[in-house]
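Below are the chains, spelled out letter by letter.
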Amino acid sequence: MAYTKAGMKAVDKYVKNNYDSFLVRVPKGRKETIEECAKVQGESVNGLLNRLLREVAGMSEEEWKKNPDDG
């Protein structure tokens, strides 16, 4: 699939407007372990972390995805 500059710019704008991000640091050598855990669960690392954080927060997927600033 070919990507255009306009398409990449549109995706960047969407991500900026709809998601927050942060860096997670783990002990050296644990990245592969985390990637394998996600793979075993059939998830991406991002999906795994979101699911685990949502579960700890006691939220449904719908609640998790809702912007708290939207009331």
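In this text, all values refer to a predicted model and were calculated from it rather than measured experimentally.

Asker: Go over the overall build of the chain with me, naming the residues and quoting the values.
Answerer: When helices and strands are counted, the chain shows four helices and zero strands. Helices (α) and strands (β) of the chain occur, in sequence order from the N terminus, as α-α-α-α. In summary, the chain has a C-alpha radius of gyration of 15 Å against a globular reference of 11 Å for 71 residues, an excess of more than 25%. In terms of overall dimensions, the chain has a C-alpha envelope of 35 × 35 × 20 Å along the principal axes. Of all 71 residues assigned to the chain, the portion counted as buried reaches 4%.

Asker: Could you give an account of the packing of aromatic side chains, naming the residues involved and the relevant values?
Answerer: For any pair of aromatic rings, the description consists of the separation of the ring centres together with the inter-plane angle of the planes. The tally for this structure, following the rule as stated, stands at one aromatic pair. A centroid spacing of 6.3 Å and a plane angle of 65° characterise the contact between Tyr14 and Tyr19, whose relative ring orientation is edge-to-face. Take Tyr19: its relative accessible area is 52%, and that puts it in the exposed class.

Cut-offs used in this document
Residues numbered from 1 in each chain as written. Predicted model: local features only at pLDDT ≥ 70, side-chain atom pairs only at ≥ 80, totals over all residues. Heavy atoms only, no water. Helix = DSSP H or I, 4+ residues; strand = E, 2+ residues; numbered from the N terminus. Rg over C-alpha atoms; globule rule 2.2 N^0.38 Å. Buried < 20%, exposed > 50% of the residue type's maximum accessible area, 1.4 Å probe, protein only. Phe/Tyr/Trp six-rings, centres within 6.5 Å; stacked < 30°, edge-to-face > 60°.

In short, the description is geometric, and any link to function would need to be established separately.
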